[in-house]
Amino acid sequence: VNVRIDQGLDAFVHQRARAAEAGTLARVAGDLRRLGSASQGLIYAAYILGDPAELDQAMADLVRVGRETQEPFWVWRSGLLSLSLQLMRCEFVGFGESLAQSSRMASSFGHAWGQVDGPLSLPTFVFRRETGRLEFARHVLEHGDVPDHLWAPGLVGLYCELGMVERGRTLLRRTVAHDLPGPRASVTWPASLALLGEAAVSLADQEAAEILLADTEPFTGLNLMAAEFLAPFGSADRLLAGLRSVLGRPGVEDHFAAALEMDTRMGSPLHVATTRAEWAAWLRRGHAPMGRIEEQAVPAGVLAQRHGLVRLLRLLGPDSRVGSGPPTGDLTAREVEVLRLIGLGGSNKDIARDLFISEHTVANHVRSILMKTGSSNRTAAVHHARRRGLLTDSDD
């Protein structure tokens, strides 16, 4: 089943329905190989359309196919596609183990080097980018010969992450001005668009942003991914917000809000933290009130600190680091996180969503905070937080 978005959303939804029907028939017939093929198509569709329940079910079916057939191909495919789920959920220990296993299995098939590392290169790049582990490439890029055949969007992204601004800008402009027809026709286009668009935003390049905005608009309301779910890039609305901000166009905040809703629904700490961090950075550039900036920056910092998201901690700045402020007495690090979010007006439901914990757990933390701070209610706890320097005077 070949599920693609480049033929239009209606055709894509129709293909997704056919993949679902094929999966149902294969399940009834006990045909595991066809169930595997249908499950892959549903995994792609579920992520793009933002359907976490269907994504989990299709992934479970694919894992079942590998487990019950014990055919190396299906075991490998289920492990390979699981990498993207582990990335978006910041399950980095499991990601490292799955990556090593996928590499060993591919090598055992007798594949050539490019066939082994090709599918693994994008998830590896995303992992290294988010956790600040790309520095190894600097010496080669600065002093070695960079081959002409390298994938330009990936190289642009690498230049930008390493702060090699002029090289990144030169390659971005050349790619956008002259080399887009090829990527647009490829199944890698959503990933190319994500990396080139992110570079245009980080470099504040209006010329590139103008072209890429038109290319991104058809993906409004959808998630962007590399072909075959090899890497997740999150909501296209986040990219639209960034491109519009570079161009000074309206609708930036609406797109950030839509992206955050999608990221939260997908249960992705990586995407939630990224959207909030970029939203906070945009508010900061616009000199928004500190309370509005911290409404996004605080939960982003909590997630980035907890999961070691070095790239986002850099974007947020040193003040985002949990525990970097004044002493907090007997409060645990998690209670400090909850107290900050209470100070920003968060309900238990809001805090549970932002921290990816249950409302029951939030209620327990709130009770503990009130007891430890000697506060009779949440308002008193907020005053305590402000006295301890956990909140600014502009927060309500």
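Every residue gets a number counted from 1 within its own chain, in the order that chain's sequence is written. Reporting in this predicted model follows two pLDDT cut-offs: at least 70 for local features of residues, and 80 or more for side-chain atom pairs to be given and counted; totals over whole chains, interfaces and linings ignore these cut-offs and use all residues. Neither water nor hydrogens contribute to the side-chain values; these are computed over all heavy atoms in the structure.

## Topic: helix 1 (residues 9-29)
Side chains three or four residues apart in an α-helix point the same way, a direct result of the helix having 3.6 residues per turn.
Thought 1: A helix here means a DSSP run of H or I that spans at least four residues, while a strand means a run of E at least two residues long, and both kinds are numbered starting from the N terminus. Residue count minus one, scaled by 1.5 Å, sets the expected span of a helix. Its 21 residues give helix 1 an end-to-end C-alpha distance of 30 Å, which sits within 8% of 30 Å, the value for a rise of 1.5 Å per residue.
Thought 2: Between two residues, a contact is recorded if the distance between any of their heavy atoms is within 4.5 Å. Of the surrounding secondary structure, the elements contacted by the buried residues of helix 1 are helix 2 (32-49) and helix 3 (52-69).
Thought 3: One or two steps after helix 1, the chain reaches glycine 30, where phi turns positive at roughly 70°.

## A word on the packing of aromatic side chains
Thought 1: Only centres within 6.5 Å qualify two rings of Phe, Tyr or Trp (six-membered ring in Trp) as a pair; their planes then separate them into stacked at under 30 degrees, edge-to-face at over 60, and tilted for everything else. Under the definition given, this model contains seven aromatic pairs.
Thought 2: Ring geometry for phenylalanine 256 and tryptophan 279: centres 5.6 Å apart, planes at 10°, overall stacked. Taken together, the positions of phenylalanine 256 in helix 14 (residues 252-265) and tryptophan 279 in helix 15 (residues 269-285) put the pair 23 residues apart, joining distant regions of the chain.
Thought 3: We call a residue buried when its accessible area falls under 20% of the maximum for its residue type, exposed when it is over 50%, and partly exposed in between, using a 1.4 Å probe and counting protein chains only. Classification of phenylalanine 256 by relative accessible area gives buried; the value is 2%.

## Describing the packing of helix 1 against helix 2
Thought 1: Where helix 1 contacts helix 2, the two axes come as close as 8 Å, and the packing angle between them is 145°. For the pair helix 1 and helix 2, the crossing hand works out as left-handed. Counted together, Leu9, Phe12, Arg16, Ala19, Ala20, Ala22, Gly23, Ala26 and Arg27 of helix 1 and Arg34, Leu35, Ala38, Leu42, Ala45, Ile48 and Leu49 of helix 2 form the full contact between these two elements.
Thought 2: Under the convention adopted here, Pro, Cys and the residues Ala, Val, Leu, Ile, Met, Phe, Trp and Tyr are nonpolar, Asp, Glu, Lys and Arg are charged, and Gly plus all remaining residues are polar. Among the residues forming the contact of helix 1 with helix 2, the class breakdown is twelve nonpolar, one polar and three charged. Interaxial angle, 0 to 180 degrees, is taken between N-to-C directions of lines fitted to C-alpha atoms, where a helix line uses only the stretch in contact. Two helices cross in a left-handed way if the nearer one is turned anticlockwise from the farther one by less than a right angle. They cross in a right-handed way if the turn is clockwise.

## Brief notes about the packing of helix 15 against helix 16 (residues 290-307)
Thought 1: The geometry of helix 15 relative to helix 16 is characterised by a closest axis approach of 8 Å and an angle of 140° between their N-to-C directions. Considering their axes alone, helix 15 and helix 16 lie oblique with respect to each other. As for the relative orientation of helix 15 and helix 16, their crossing is left-handed in sense. Facing helix 15, whose interface residues are Pro269, Val272, Ala273, Arg276, Ala277, Trp279, Ala280, Leu283 and Arg284, helix 16 presents Arg292, Ile293, Glu295, Gln296, Ala297, Pro299, Ala300, Leu303 and His307.
Thought 2: A per-class count over the contact of helix 15 with helix 16 returns twelve nonpolar, two polar and four charged. Each angle gets one of four labels, with under 35 degrees taken as roughly parallel, over 145 as roughly antiparallel, 65 to 115 as roughly perpendicular, and the rest as oblique.

## What to know about the side chain of glutamate 198
Thought 1: Structurally, glutamate 198 is set in helix 11 (residues 189-202).
Thought 2: Distance and chemistry together define a polar contact, namely a pair of N or O atoms within 3.5 Å, with one atom able to donate a hydrogen and the other to accept it when in protein, and with adjacent residues in sequence counting only for side-chain atoms on both sides. Polar side-chain contacts of glutamate 198 include one of 2.7 Å to the side chain of arginine 129.
Thought 3: In contact with glutamate 198, not counting residues within four places along its chain, are Arg129, Phe233, Leu239 and Arg311.

## Description of the nonpolar core
Thought 1: Counting 76 residues, the largest nonpolar core has Leu172, Leu212, Phe233 and Leu309 as its most contacted members.
Thought 2: Top element by residues in this core is helix 11. It accounts for eight residues.
Thought 3: Residue contacts for leucine 309: discarding those within four places in its chain leaves Cys90, Phe92, Glu130, Leu270, Ala273, Leu303 and Ala304.
Thought 4: Grouping buried Ala, Val, Leu, Ile, Met, Phe, Trp, Tyr and Cys residues that are joined through side-chain atoms within 4.5 Å yields what is termed a nonpolar core. Membership of the second largest hydrophobic core comes to 27 residues, among which are Phe12, Leu49, Leu62 and Leu81.

## Some points on the pattern of salt bridges
Thought 1: Basic side-chain nitrogens of Lys or Arg form a salt bridge, by our definition, when they fall within 4 Å of a carboxyl oxygen of Asp or Glu. Taken as a whole and judged by the stated rule, the model has 28 salt bridges.
Thought 2: The salt bridge partner of aspartate 205 is arginine 169, with a shortest N-O separation of 3.9 Å. Placement of aspartate 205 in the loop between helix 11 and helix 12 (206-216) and of arginine 169 in helix 9 (residues 165-178) is noted, with a sequence separation of 36 residues between them. For the pair aspartate 205 and arginine 169, one class covers both residues: buried.
Thought 3: With a shortest N-O distance of 3.3 Å, arginine 244 and glutamate 217 are connected by a salt bridge. With arginine 244 in helix 13 (residues 236-247) and glutamate 217 in the loop between helix 12 and strand 1 (223-225), the pair connects residues that are 27 residues apart, well separated along the chain.
Thought 4: With relative accessibility at 17%, the residue arginine 244 sits in the buried group.
Thought 5: Glutamate 217 gets classed as partly exposed once you look at its relative accessible area, which sits at 35%.
Thought 6: When salt bridges with common partners are traced through the structure, they connect Arg129, Glu130, Glu161, Glu198, Arg311 and Arg314 into a single cluster.

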